[in-house]
Amino acid sequence: MLTANPTKKGIGIEIWGDYNDLECLYDVMSVLSLSKSATNEADFERNERLLTIVPYEIRHAFQGERLKNKHIGNGHSCETLYYGFRTDWITILFTYSALRFNAAHTPTDAFIQGWLYLLKHQINNALYMYDELGAIAIEPLIEQGLNVSTKYVYLLHQNYVAKYLSMKSGKKRFRSIPLLLTDKVLEKEIINSIDECMILENCPISEIESTSENRYPERW
């Protein structure tokens, strides 16, 4: 079964599962990110770049290129190989919000909805495992409070991640996530910078890359 826990340094989340677990999660995300039956395909296109980040990590995980751990289940001697990957809190929050938004605008079945609820449950668990006080404030952002229908969503996400990673690690940074992601002044500054870049480069937003470099530390 899909499980999750915070990384040791609290930078983000580790998500674990056997091969079939992660393959199913990857398939669900792929369906929701590329659906052509959406009521508003423009919104799906805006989320498309954002919804390549976590699936990329999932695919490399079940291909054996990320984390691995052997698990003996239910006291039996049979070992199951579990695969895992890491991503930061900002990325998992934006990713889940985008998945839920897309799911609300396209026909879905019980299988897809079930996986979304399971993923949400595991994100919640990981948040509270790391820091209950911070988790209480962050939890509402999982499905509400993040504007993922804007054309700026991918670049906003990239800038927020860079800002988050530039802060000193620890629970204080974790607890600052709600303020960071709801800071309208910062959001406006980022959007203005993107608009200026599009004018300067004379290109659409889909060709703009963030100037903020996201550097993950060696120790999570």
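Residues numbered from 1 in each chain as written. Predicted model: local features only at pLDDT ≥ 70, side-chain atom pairs only at ≥ 80, totals over all residues. Heavy atoms only, no water.

Draft legend 1. Fine view of the overall build of the protein chain. When helices and strands are counted, the protein chain shows 10 helices and 4 strands. Mapped in sequence order, the helices and strands of the protein chain form the string β-β-α-α-α-β-β-α-α-α-α-α-α-α. Counting the 220 residues in the protein chain, one finds 48% classified as buried. For the protein chain, contacts bridging at least 24 residues in sequence account for 72% of all contacts bridging at least 6. For the protein chain, the exposed area adds up to about 11,600 Å²; of that, 50% sits on carbon and sulfur atoms. (Helix = DSSP H or I, 4+ residues; strand = E, 2+ residues; numbered from the N terminus. Buried < 20%, exposed > 50% of the residue type's maximum accessible area, 1.4 Å probe, protein only. Contact = heavy atoms within 4.5 Å. Areas by Shrake-Rupley, 256 points an atom, 1.4 Å probe, with all protein chains shown as cover.)

Draft legend 2. Spotlight on the nonpolar core. Counting residues in each nonpolar core, the largest one holds 64 residues, and the members touching the most others are Trp89, Ile90, Phe94, Leu119, Tyr160, Ile177 and Leu181. The greatest single-element share of this core, amounting to 10 residues, is contributed by helix 4 (residues 89–103). Here isoleucine 90 is in contact with His157, Tyr160, Val161, Tyr164, Ile177, Leu180 and Leu181, once residues within four sequence places are set aside. (Core = buried A, V, L, I, M, F, W, Y, C linked by side-chain atoms within 4.5 Å.)

Purely geometric stuff here, so don't read any function into it on its own.
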